[in-house]
2 protein chains.
Amino acid sequence: MGRLTVVGFGPGGYEDMTNRAVEAIEEADVVIGYTTYVELLKRVFPEKEYAATPMMQEVKRCEMAVEMAEQYDRIAIVSSGDSGIYGMAGIVMEVAAKKQAKIDIEVVPGITAASAAAAILGAPLMHDFSVISLSDLMTPIDLIMRRIECAGMSDMIVCLYNPKSKKRTAYVEQAADILMRYRRNDTPVGVVRHAGREEQSAYLTTLGELKDAPLDMFCVVLIGNSATYIMDGKMITPRGYEKKYE
Amino acid sequence: MGRLTVVGFGPGGYEDMTNRAVEAIEEADVVIGYTTYVELLKRVFPEKEYAATPMMQEVKRCEMAVEMAEQYDRIAIVSSGDSGIYGMAGIVMEVAAKKQAKIDIEVVPGITAASAAAAILGAPLMHDFSVISLSDLMTPIDLIMRRIECAGMSDMIVCLYNPKSKKRTAYVEQAADILMRYRRNDTPVGVVRHAGREEQSAYLTTLGELKDAPLDMFCVVLIGNSATYIMDGKMITPRGYEKKYE
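One numbering rule holds for all chains: residues counted from 1, following each sequence as written. Lettering for chains starts from A, numbering for ligands starts from 1, and both go in the order in which the items are written. Given that this is a predicted model, residues contribute local features only at a pLDDT of at least 70 and side-chain atom pairs are listed and counted only at 80 or more, while totals for whole chains, interfaces and linings are drawn from all residues. Side-chain metrics in this entry use all non-hydrogen atoms of the structure; hydrogen atoms and water are not considered.

Further remarks concern the overall build of chain A. Assigned secondary structure in chain A consists of seven helices and 13 strands. The globule rule used here is 2.2 Å times the number of residues to the 0.38 power, and the radius of gyration it is set against is calculated over C-alpha atoms. Relative to its length of 246 residues, chain A is compact, with a C-alpha radius of gyration of 19 Å against a globular reference of 18 Å. Across its three principal axes, chain A shows a C-alpha extent of roughly 55 × 35 × 35 Å. Taking all 246 residues of chain A together, 62% fall into the buried category. Helix and strand assignments follow DSSP, with helices taken as H or I runs no shorter than four residues and strands as E runs no shorter than two, numbered in order from the N terminus. Each residue's exposure class comes from its accessible area (1.4 Å probe, protein chains only) as a fraction of the maximum for that residue type: buried when under 20%, exposed when over 50%, partly exposed otherwise.

Given below as structure tokens:
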């Protein structure tokens, strides 16, 4: 019985991988992933055997991984960030169950984009937060916007994944408009692109300016709560509403 | 000018630490942390020099770290999970600014409890979620419950940090009651205690039964959305409301 390890390798570089992720990749007979992720991993583990599949073929990729795990000893299926947050872990389990595959499945968590981006921006996630994807591929846009509204209503910090793509350009402005019903226009917003990769860049803006900010699918957007502020270029959310700790 | 690294070392064991966290700890002249965290790290790095301070003295600990970073080359202040999520990163920056300390501060993200628990339970975090702490030490309980209500209203998965302490025993039942206005009583709930540590344990229950579940401050509670289900003992949230990927 083979073991299929669903590995989240974090932002992309070796330094932000966990020891368990490194071990799972090193011990795998074959490492399976979306082409872009395989290219990232080749920089770190050039000697491995890889099987790359194009984007948007998640189910096919998982089927391949499950089939290979039935034949080989150890297979790793990889994604950036945390494989357990908007990742492959769910589909892998669904596919394995449907096939009644006799394999062991292990999920190895990784640093998700919200964590990686927060560390770069300062300390914006010191309080309750919502992680919301603006991709409407699998979720009705009305439900996504209701989540934005609810996060606004209850003053949660908001982490937007997939804020913009070539086809989806208006949602981030719509989200900002909703949040401005509850938060000031000058609420700090941090944007990190390619968090934790060689190409990393980051900037600060405000909720009012977010609609004009340069964004794409490689960005994560962190929108502060009503107490978030900027100090020496760092975005900080204090831990308490009453500063009891002082 | 010394460097102060705010290190999130993940659940506790070596295998879930990132390479950057290991390096920051190994290179530090002194590692500072809450006594329990220092004990965890001593299992992995027995040779290091540590400075342990009791719980509830976060500001004092941060002041000590900032002062030491002004004298030494490299100091690490550590917490479990992600130092950027309900962690020390914010206080460290506030203390350093107040002291006008001439030090470099770097935040090293770690695997947060939500990620660690999700990997153990299956794949519950495949969709939008809210991370909410039930500790009312720094946050008015009405605001916490409004956040629970909002997460319920918009069908977000809910991760509860600090679900129960000796003094706070009723909040988790109150939270479950609120969520049951929006979600079925048999909504799957996963509880992980000491996620990723030697003492780790986990169990599945339901929203209706949550009030009777054994909980303490070492637990993380993951409450599914309306689509979450249990399969072969694993808690899975499908990625889409419409299963377009099939």
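From this point, the narrative continues.
A few words now on the sheet that holds strand β5 (residues 104-108) of chain A. Residue and element names in this part refer to chain A. Being paired, for any two strands, means DSSP has found at least two bridges between them. The five strands are arranged β3-β2-β4-β1-β5 in an open sheet whose pairing can be described as parallel. The open sheet has two free edges, formed respectively by β3 (50-53) and β5, since each of these has just one partner strand. Between one strand axis and the next, the sheet turns through 20° on average, direction left out of account. Strand direction decides the pairing type here: strand β1 (residues 3-8) and β5, joined by five bridges, are parallel. Its bridge partner lying in β5, Leu4 is registered against Ile105. Relative to the sheet, helix α1 (residues 19-27) contacts β1, β2 (30-34), β4 (74-79) and β5, its axis offset from that of β1 by approximately 135°. Against the sheet, helix α4 (residues 89-98) makes contact with β1, β4 and β5, and its axis sits at roughly 175° relative to β5, the strand it touches most. Think of each axis as a best-fit line through the C-alpha atoms, taken over the contacting stretch in the case of a helix, with angles from 0 to 180 degrees between the N-to-C directions. Should any heavy atoms of two residues lie within 4.5 Å, those residues are considered in contact.

All names here are of chain B. Following both chains from N to C, one finds helix α3 (residues 58-71) and helix α4 (residues 89-98) inclined at 60°, their axes separated by 9 Å at the closest point. By the criterion of interaxial angle, the relationship of α3 to α4 is oblique. For the pair α3 and α4, the sense of crossing is right-handed. Here Glu58, Val59, Cys62, Glu63 and Val66 of α3 come into contact with α4, specifically with Ile91, Val92, Val95 and Ala96. Looking at the contact of α3 with α4, its residues break down into seven nonpolar, no polar and two charged. Here is the rule for angles: anything less than 35 degrees is roughly parallel, anything more than 145 is roughly antiparallel, 65 through 115 is roughly perpendicular, and the remaining ranges are oblique. Rotating anticlockwise by less than a right angle from the far helix to the near helix defines a left-handed crossing, while the corresponding clockwise rotation defines a right-handed one. For this classification, Asp, Glu, Lys and Arg are treated as charged, while Ala, Val, Leu, Ile, Met, Phe, Trp, Tyr, Cys and Pro are nonpolar and the rest, including Gly, are polar.

The subject of this paragraph is the pairing of strand β1 (residues 3-8) of chain B. Residue and element names in this part refer to chain B. In terms of burial, β1 is a largely internal element, five of the six residues being buried. Sheet topology note: the β1/strand β4 (residues 74-79) ladder contains six bridges and is parallel. The residue of β4 that forms the bridge with Gly8 is Ser79.

A few words now on the sheet that holds β4 of chain B. All names here are of chain B. Read across the open sheet, the five strands follow the order β3-β2-β4-β1-β5; overall the sheet is parallel. The open sheet has two free edges, formed respectively by β3 (50-53) and β5 (104-108), since each of these has just one partner strand. Strand-to-strand twist in this sheet, taken as the mean axis angle between neighbours without regard to direction, amounts to 20°. Sheet topology note: the strand β2 (residues 30-34)/β4 ladder contains three bridges and is parallel.

This paragraph deals with the packing of helix α6 (residues 141-153) of chain A against helix α7 (residues 171-179) of chain A. Residues and elements named next belong to chain A. In the contact formed by α6 and α7, the axes pass within 9 Å of each other and the chain directions differ by 35°. Pair α6 / α7 crosses with right-handed handedness. Side by side, α6 and α7 meet where Ile141, Met145, Ile148, Glu149 and Gly152 of the first sit next to Tyr171, Gln174, Ala175, Ile178 and Leu179 of the second.

Attention now moves to the environment of Ser130 of chain A. Inspection of the secondary structure assignment puts Ser130 of chain A in strand β7 (residues 129-133). The spacing of Ser130 of chain A and Ile223 of chain A is 93 residues in sequence and 10.0 Å in space, taken between C-alpha atoms. Filtering out sequence-adjacent residues up to four positions away, Ser130 of chain A remains in contact with Ala151, Met156, Ile157, Val158 and Cys159 of chain A together with Phe129, Ser130 and Met156 of chain B.

Our next topic: the packing of aromatic side chains. Given two aromatic rings, one states the distance between the centres and the angle between the planes to describe the pair. Here a pair means two rings of Phe, Tyr or Trp (six-membered ring of Trp) with centres within 6.5 Å. Their orientation is stacked below 30 degrees between planes, edge-to-face above 60, and tilted elsewhere. Applying the stated criterion to the full structure yields six aromatic pairs over all chains. Centre to centre, the rings of Phe9 of chain B and Tyr37 of chain B are 5.9 Å apart; their planes meet at 85°, and the pair counts as edge-to-face. Here Phe9 of chain B is found in the loop between β1 and α1 (19-27), whereas its partner Tyr37 of chain B is found in helix α2 (residues 35-44), with 28 residues between them in sequence. Summarising the burial analysis for this pair, Phe9 of chain B and Tyr37 of chain B share the class buried. What links up through ring pairs into an aromatic cluster is the set Phe9, Tyr34 and Tyr37 of chain A.

Moving on, we get to the side chain of Ser154 of chain B. Position of Ser154 of chain B relative to the elements: it lies in the loop between α6 (141-153) and β8 (157-161). Look past the residues within four positions of Ser154 of chain B in its chain and what remains in contact with it is Leu143, Arg146, Arg147 and Cys150 of chain A.

Let's shift gears to the interface of chain A and chain B. At the junction of the two partners, chain A supplies 68 residues and chain B supplies 68 residues. Accessible area that two parts lose when put together, with a 1.4 Å probe and added across both, is what the buried area reports. When chain A packs against chain B, the two sides together hide about 6,000 Å² of surface, and 58% of this comes from carbon and sulfur. Every case where a carboxyl oxygen of Asp or Glu lies within 4 Å of a side-chain nitrogen of Lys or Arg is listed as a salt bridge. Between chain A and chain B we count four salt bridges in total. Between Asp16 of chain B and Arg20 of chain A there is a salt bridge, with the nearest N and O atoms lying 3.1 Å from each other. Pairs of N or O atoms are called polar contacts if they sit within 3.5 Å, as long as, within protein, a hydrogen donor faces a hydrogen acceptor (for residues adjacent in sequence, only side-chain-to-side-chain pairs). Across the contact surface, chain A and chain B share 35 residue pairs in polar contact (both at pLDDT 80 or more). If one sorts the elements of the side of chain A that touches chain B by residue count, α4 of chain A sits on top with seven residues. Here the residues of the side of chain A that touches chain B sort into 34 nonpolar, 15 polar and 19 charged.

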